[in-house]
Amino acid sequence: MSSLGIKKTAQAEEESRTIQGAIRNARKIVIKIGSNTLAKTDGTADLDFMKNFAAQCHTLADQNKQFVLVSSGAQVSGLSTISGWARKRDVHYRQALCAIGQVELMKQWRDAFAEQNMHIGQLLLTKEDFEDDHRTLNMRNTLFTLVDEGVVPIINENDSVSFDEIRIGDNDNLSALTAILWSADLLILFSDIDGIYTDNPKTDKNAKLIKIVPDIDRLKETVTIGTANTFGTGGIATKIDAARLVTSYGIPLILANGKNGKALTNLAEGNATGTLFLADDKCLLHVL
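Just so you know, these numbers come straight off a predicted model, no measurement behind them.

Undergrad: Looking at this structure, how should I read the overall build of the protein chain?
TA: Looking only at helices and strands, the protein chain has 12 helices and 10 strands in total. Each of the 288 residues in the protein chain was classed as buried or not, and the buried ones make up 47%. Summed over its atoms, the accessible surface of the protein chain is roughly 14,400 Å², and 49% of this surface lies on carbon and sulfur atoms.

Undergrad: Whenever I open this one, the nonpolar core confuses me. Can you help?
TA: Most often, soluble globular proteins have nonpolar side chains that are buried together. Of all hydrophobic cores here, the largest spans 37 residues; its most connected members are Ile196 and Leu253. Apart from residues no more than four positions distant in its own chain, Ile196 is found in contact with Lys208, Leu209, Ile210, Leu219, Val223, Ile236, Ile240, Leu255, Thr275 and Phe277. Within the second largest apolar cluster, 35 residues are counted, among which are Ile19, Ile33, Leu38 and Phe53.

Undergrad: I keep staring at the packing of helix H9 (residues 171-181) against helix H11 (residues 236-247) and nothing clicks. Help me out?
TA: Helix-helix packing is characterised by the crossing angle of the two axes and by the distance between the axes. It is at 8 Å that the axes of H9 and H11 come closest, and there the two elements cross at 10 degrees. Between H9 and H11, the angle is such that the two are roughly parallel. In the packing of H9 onto H11, the handedness of the crossing is right-handed. Seen from H9, the contacting residues are Asp172, Asn173, Ala176, Leu177, Ala179 and Ile180; seen from H11, they are Thr238, Lys239, Ala242, Leu245 and Val246. By residue class, the composition of the contact of H9 with H11 is 7 nonpolar, 2 polar and 2 charged.

Undergrad: What is the right way to read the sheet that holds strand E1 (residues 28-33) from this model?
TA: Strand pairing within a sheet occurs via backbone hydrogen bonds; the two strands may be parallel or antiparallel. The strand order E3-E4-E2-E1-E5-E9-E10-E8 describes an open sheet built from 8 strands, whose pairing is mixed. Edge strands, defined here as strands with exactly one partner in the open sheet, are strand E3 (119-125) and strand E8 (212-213). Pairing geometry for E1 and strand E5 (residues 186-191), over 5 bridges, is parallel. Counterpart to Ile29 in the pairing with E5 is Leu186. Across the sheet, helix H4 (residues 47-61) lies against E1, strand E2 (66-71) and E5, angled at about 155 degrees from E2, the strand it touches most. The strands touched by H11 within the sheet are E1, E5, strand E9 (253-257) and strand E10 (275-277), with E9 carrying the most contacts at an inclination of about 150 degrees.

Undergrad: Explanation requested: the pattern of salt bridges in the structure shown.
TA: A full pass over the atoms with the stated rule returns 9 salt bridges. Ionic pairing is found between Lys51 and Glu115, a salt bridge with its closest N-O pair at 3.8 Å. Residue Lys51 is located in helix H4, and its partner Glu115 is located in the loop between helix H6 (91-114) and E3; the two are separated by 64 residues in the primary sequence. Judged by relative accessible area, which is 36%, Lys51 ranks as partly exposed. Salt-bridge contacts for Asp217 lead to Arg244; the nearest nitrogen and oxygen are separated by 3.0 Å. Of the two residues, Asp217 sits in helix H10 (residues 216-222) while Arg244 sits in helix H11, which places them 27 residues apart along the sequence. What makes Arg244 partly exposed here is its relative accessible area of 33%. One network of salt bridges, in which partners are shared, links Lys32, Asp172 and Lys239.

Undergrad: Just to check I follow, could you spell out the environment of Thr238 for this structure?
TA: Note that Thr238 resides in helix H11. Taking C-alpha positions, Thr238 is 7.6 Å from Asp170, a pair spaced 68 residues apart along the chain. For Thr238, the contacting residues outside a window of four places in its chain are Asp170 and Asp172. A distance of 2.6 Å separates the side chain of Thr238 from the side chain of Asp172, its partner in a polar contact.

Undergrad: Can you help me understand helix H8 (residues 133-148) in this one?
TA: When the terminal C-alpha atoms of H8 are compared, their 22 Å separation across 16 residues agrees well with the 22 Å that a helix rising 1.5 Å per residue should span. Looking only at H8, the buried set comprises Thr136, Met139, Leu143, Leu146 and Val147. Projection of H8 onto a plane perpendicular to its axis shows the buried side chains occupying an angular sector of 100 degrees, all on one side. For H8, the exposed residues set more than 90 degrees away from the buried face come down to Asp133, His134 and Asp148. With a side-chain oxygen positioned 3.0 Å from the backbone nitrogen of His134, the residue opening H8 is Asp132. Directly beyond the C-terminal end of H8, a positive phi value near 80 degrees is found at Gly150.

Undergrad: What should I look at first to understand the packing of aromatic side chains in this one?
TA: Given two aromatic rings, one states the distance between the centres and the angle between the planes to describe the pair. This model, assessed by the stated rule, comprises 4 aromatic pairs. Geometrically, the ring pair formed by Phe53 and Trp109 is edge-to-face, given 5.9 Å between the ring centres and 65 degrees between the ring planes. Taken together, the positions of Phe53 in helix H4 and Trp109 in helix H6 put the pair 56 residues apart, joining distant regions of the chain. For Trp109, a relative accessible area of 0% corresponds to the buried category. On the basis of an interplanar angle of 40 degrees and a centroid distance of 5.8 Å, the ring pair of Trp109 and Phe113 is categorised as tilted. Of the two residues, Trp109 and Phe113 are both situated in helix H6; the distance of 4 residues between them amounts to about one turn of the helix. The same class applies to Trp109 and to Phe113, which are both buried. Of the aromatic side chains, those joined through ring pairs into one cluster are Phe49, Phe53, Trp109, Phe113 and Phe190. The side chain of Lys28 reaches across the aromatic face of Trp182, ending 5.0 Å from its centre.

Cut-off values and rules
- Residues numbered from 1 in each chain as written.
- Predicted model: local features only at pLDDT ≥ 70, side-chain atom pairs only at ≥ 80, totals over all residues.
- Heavy atoms only, no water.
- Helix = DSSP H or I, 4+ residues; strand = E, 2+ residues; numbered from the N terminus.
- Buried < 20%, exposed > 50% of the residue type's maximum accessible area, 1.4 Å probe, protein only.
- Areas by Shrake-Rupley, 256 points an atom, 1.4 Å probe, with all protein chains shown as cover.
- Core = buried A, V, L, I, M, F, W, Y, C linked by side-chain atoms within 4.5 Å.
- Contact = heavy atoms within 4.5 Å.
- Axes fitted to C-alpha atoms, helices over the stretch in contact; angles between N-to-C directions.
- Parallel < 35°, antiparallel > 145°, perpendicular 65-115°, else oblique.
- Left-handed = near helix turned anticlockwise from the far one by under 90°.
- Nonpolar A, V, L, I, M, F, W, Y, C, P; charged D, E, K, R; others polar.
- Pairing = 2+ DSSP bridges.
- Salt bridge = Lys/Arg side-chain N within 4 Å of Asp/Glu carboxyl O.
- Polar contact = N/O pair within 3.5 Å; in protein donor to acceptor, adjacent residues only side chain to side chain.
- Expected span 1.5 Å × (residues − 1).
- Arc of directions from axis to C-beta.
- Phe/Tyr/Trp six-rings, centres within 6.5 Å; stacked < 30°, edge-to-face > 60°.
- Lys NZ or Arg CZ within 6 Å of the ring centre and 35° of its normal.

Below, the structure written as structure tokens:
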């Protein structure tokens, strides 16, 4: 290889170790939106955020990028509709609330993307869907068909029918499974935190943001892992587990704060911070 070729390869390798480079190099991107990102401070759905996010997706779609969205928020949207159920903790009420909220959530996303002349499609999944070869093939084919036709698939767990034995449990893990299923180039987790810190930045002012994670085992030895947040079912531990899974398939993962203005656009332009989990060099085959 010529010295110019070696230089270009080194530059490409260095670029891949940045968030901006990871997005630039990715064509197929799975994005997970957490409940806290979708909720306003009063716990109701943030419609302005959804419209803004759809506009950002449209901008990047013009750059020949494809998206699959994994969206939490069924309970948030349900509570926006029937606020009187906020204190009901019975599992049947929670599942019923998700049934109500999922309809509202998809209407909100449909309206947001319609402003960009983009269509959406809904997939509600459970763990069993990823464990059955026939269902997995059908899911994969549906995803490819929707995306190839310019439709944005929006995925959520089917909380209204899920119980412990068939629950995936959190959308961090669901988004990781989706990224592998679709053979994505990148997974972005949007939450209410800027990335992985050495400790909880809300309680420890000396906590430092970890910008690049090349080794997840070493990371877990050096950070303090807290509990789940207010509205969501996942915490830092589930995000690290999701990163471990997708990076083993050669898919890098970005964890960033979805509430920071135009978060997706800013990440793509190198104007926002986050944590980039590098893909494993000794990854499994990047296919099912």
